[in-house]
Amino acid sequence: MKQILKNVKKLSSTGDFEACELFIDGKYISKVDTKISEPADQIIDGNGHLLVPGFIDVHVHLREPGGEHKETIRTGTMAAAKGGYTTICAMPNTNPVPDTNDTIESLFGKIETNAHIRVLPYAAITKNLQGKELTDMEELSRKNIFAFTDDGVGVQTADQMLQAMKLAKAGNKAIVAHCEDNSIVYEGVLHHGEVSERMQMPGIPSLSESVQIARDVLLAEATGCHYHVCHVSTKESVRVIRDAKRAGIHVSAEVTPHHLILNETAIQTDDANYKMNPPLRAKEDQQALLEGLLDGTIDFIATDHAPHATNEKEQGFLKAPFGIVGLENAFSLLYTHLVQPGKITLQQLINWMTVKPAETFQLPYGKMEAGCIADLTLIDLHATASINKHDFYSKGKNTPFHQWEVTGLPVLTMTEGNIVYEGELIG
């Protein structure tokens, strides 16, 4: 089908708005120009809104198979489409874990049947995420997996990580790491700092994250493996990653919206909607994360969308699982709390949600040019809303941002030339 997206604006290389139209032929962008007159099967009026490449999130928990009471591939990708995402990468902490050819093939089948947008699955580093025995990474690398990770737990021994990096390098895959040294977590449930002391709850030291990153970047240097750090949360971690990049080590990193917008002082009561891992850290850490993003130490933004059932999160910090949802409101929150106050530019935000993750992992997405796949998101920068968790497409309602006022809403999401969201889910 041939489509024309008219009456839209794009961001120029200097960050200015430019009027444009797009001609879409099948699943590809055929032409981007100020005016397009070719015949088309469908004309889509963008109402003067901002058109950007579809968002990419390399850190999403879809829970299926095994955790369908929390989320499914269907509901998670519905939430992603609403949030403007066209590509997401699914973490392997499911049951069964995607750690063999059979479980990977089964997962691909579920994605093909149920996903509303593109889903690229991870494979596990260790069998059943147990940290005891490596998966057959050589064989799994031949599958169309995104990368290897044991997200949710850190790889605890240097030797195991070293062997994993060698195998990942040989298979031209990245190691994506949740960095946490279990020996110094001390059963913590929030950041070890003033709030944990006030609430008299065990805290997670910053060192439990940064010390494992420091180990791993040296292993990455020794192996030449692409090493990616999940959800960076501490100022020490930023420093280690910055030094590693200066040394020429192939390391990349992400930060979540919640770690950019919130810090530990947001926790006023025993509300586990503020419980995530890594936890909300100190103000100094929050500032270091933004500085790291701005200077390129941190490459892009990823949500770590982690849905849970309501009754699970109602148990308080000591018993509730870690994690919050993030797909449906990521752009709006970041636009409202970082772009509008002038802390970052709109161009930077769009790049960190599109171009940068694609470049980091060599994905053929994140661009809005002739010849590129038509993954597109239309944003009304003037629309406002109050975040209502009861309106989420996600099964997870676990968010600390309920009833927050935001500006800038995705109003249309297109994947490979097909509209999947237009104020409501399509299809």
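Source: prediction; values computed, not measured.

Caption draft 1: A look at the overall build of the chain. When you go through the chain residue by residue, the secondary structure sums to 13 helices and 19 strands. For the chain, the C-alpha radius of gyration of 21 Å lies close to 22 Å, the compact-globule estimate for 427 residues. Principal-axis analysis of the C-alpha atoms gives the chain an extent of 65 × 50 × 45 Å. In the chain, 74% of the contacts between residues at least 6 apart in sequence involve partners at least 24 apart. Counting only carbon and sulfur atoms, one obtains 47% of the accessible surface of the chain, whose full area is about 16,800 Å². Taking the average place of the 38 positive charges on the side chains of the chain and the average place of its 55 negative ones, the gap between the two points comes to 0 Å.

Caption draft 2: Fine view of the nonpolar core. One finds Ile175, Tyr227 and Phe331 to be the most contacted residues of the largest nonpolar core, which totals 91 residues. Element by element, the count of residues in this core is highest for helix H11 (residues 330-339), at 7 residues. Non-local contacts of Phe331, meaning those with residues more than four positions away in its chain, are made with Phe55, Leu346, Leu349, Ile350, Met353, Ile379, Leu381 and Gly408. Within the second largest apolar cluster, 18 residues are counted, among which are Val58, Leu120, Phe146 and Val176.

Caption draft 3: Focus on helix H7 (residues 235-246). Across its 12 residues, H7 extends 17 Å between first and last C-alpha, which sits within 8% of the 16 Å expected from 1.5 Å per residue. Contacts from the buried residues of H7 go to helix H6 (207-223), strand S14 (227-229), strand S15 (251-255) and helix H9 (283-295). Looking one or two residues past H7, Gly248 carries a phi angle of roughly 85°, positive in sign.

Caption draft 4: Representation of the sheet that holds strand S10 (residues 148-149) in the model. Across the sheet, which stays open at both edges, the 6 strands sit in the order S9-S10-S11-S14-S15-S16 with parallel pairing between neighbours. The open sheet terminates on both sides in strands that have one partner only, identified here as strand S9 (123-124) and strand S16 (300-301). Across the face of the sheet, H7 comes into contact with S14 and S15 while running at roughly 150° to S15.

Caption draft 5: View of the environment of Phe146. Structurally, Phe146 is set in the loop between helix H3 (137-140) and S10. Given a relative accessible area of 9%, Phe146 falls into the buried group. Separated by 55 residues in the primary sequence, Phe146 and Met91 place their C-alpha atoms 9.8 Å from one another. Look past the residues within four positions of Phe146 in its chain and what remains in contact with it is Val58, Cys89, Leu120, Pro121, Tyr122, Lys173, Phe361 and Leu363.

Caption draft 6: How the structure looks around the UniProt feature "binding site: substrate" (unreviewed entry) in the chain. Per the UniProt record, "binding site: substrate" (unreviewed entry) is found at His61, Leu62, Arg63, Asn93, Asn277, His308, Phe322 and Gly323. Residue His61 is classed as buried on the basis of its relative accessible area, which comes to 4%. When neighbours within four sequence positions are excluded, His61 is seen to be in contact with Glu71, Met91, Asn93, Asp151, Asp304, His305, Ala306 and Pro307. In terms of polar contacts, His61 uses its side chain to reach the side chain of Asn93, at 2.9 Å. A residue is classified by how much of its surface remains accessible, and Asn93, at 27% relative accessible area, is partly exposed.

Caption draft 7: Examining the UniProt feature "domain: Dihydroorotase catalytic" (unreviewed entry) in the chain more closely. When the UniProt feature table is mapped to this numbering, "domain: Dihydroorotase catalytic" (unreviewed entry) covers residues 48-237. Within residues 48-237, the helical portion is 35% and the strand portion 18%, while the C-alpha atoms at the span's ends are 41 Å from each other.

Caption draft 8: Geometry of the packing of helix H4 (residues 158-170) against H6. Contact geometry for H4 and H6: axes closest at 10 Å, N-to-C directions at 40°. Between H4 and H6, the crossing angle belongs to the class labelled oblique. Where H4 crosses over H6, the handedness of that crossing is right-handed. Residues Ala158, Met161, Leu162, Met165, Lys166 and Lys169 of H4 lie in contact with H6, whose contacting residues are Arg215, Asp216, Leu219, Ala220 and Thr223. A class-by-class count of the residues in the contact of H4 with H6 yields 6 nonpolar, 1 polar and 4 charged.

Caption draft 9: How the structure looks around H4. With 13 residues, H4 should reach 18 Å at 1.5 Å per residue; the first-to-last C-alpha distance of 18 Å fits that figure. Listed in full, the buried residues belonging to H4 are Gln160, Met161, Ala164, Met165 and Ala168. In a view along the axis of H4, the buried residues occupy a sector of 135°, so they form one face of it. Taken together, the buried residues of H4 touch H3, S10, strand S11 (175-177), H6 and S14. Where H4 ends, the next residue or the one after it, Asn172, has phi of about 60°, a positive value.

Caption draft 10: Spatial organisation of the pattern of salt bridges. For the structure shown, the criterion picks out 16 salt bridges. Glu105 is the salt-bridge partner of Lys143, the closest N and O atoms lying 2.9 Å from each other. Of the two residues, Lys143 sits in the loop between H3 and S10 while Glu105 sits in helix H2 (residues 101-114), which places them 38 residues apart along the sequence. A relative accessible area of 23% places Lys143 in the partly exposed class.

Procedures and definitions
- Residues numbered from 1 in each chain as written.
- Predicted model: local features only at pLDDT ≥ 70, side-chain atom pairs only at ≥ 80, totals over all residues.
- Heavy atoms only, no water.
- Helix = DSSP H or I, 4+ residues; strand = E, 2+ residues; numbered from the N terminus.
- Rg over C-alpha atoms; globule rule 2.2 N^0.38 Å.
- Contact = heavy atoms within 4.5 Å.
- Areas by Shrake-Rupley, 256 points an atom, 1.4 Å probe, with all protein chains shown as cover.
- Lys, Arg positive; Asp, Glu negative; His and termini not counted.
- Charge placed at Lys NZ, Arg CZ, Asp CG, Glu CD.
- Core = buried A, V, L, I, M, F, W, Y, C linked by side-chain atoms within 4.5 Å.
- Buried < 20%, exposed > 50% of the residue type's maximum accessible area, 1.4 Å probe, protein only.
- Expected span 1.5 Å × (residues − 1).
- Pairing = 2+ DSSP bridges.
- Axes fitted to C-alpha atoms, helices over the stretch in contact; angles between N-to-C directions.
- UniProt positions renumbered as here; feature names shortened; annotations may be inferred.
- Polar contact = N/O pair within 3.5 Å; in protein donor to acceptor, adjacent residues only side chain to side chain.
- Parallel < 35°, antiparallel > 145°, perpendicular 65-115°, else oblique.
- Left-handed = near helix turned anticlockwise from the far one by under 90°.
- Nonpolar A, V, L, I, M, F, W, Y, C, P; charged D, E, K, R; others polar.
- Arc of directions from axis to C-beta.
- Salt bridge = Lys/Arg side-chain N within 4 Å of Asp/Glu carboxyl O.

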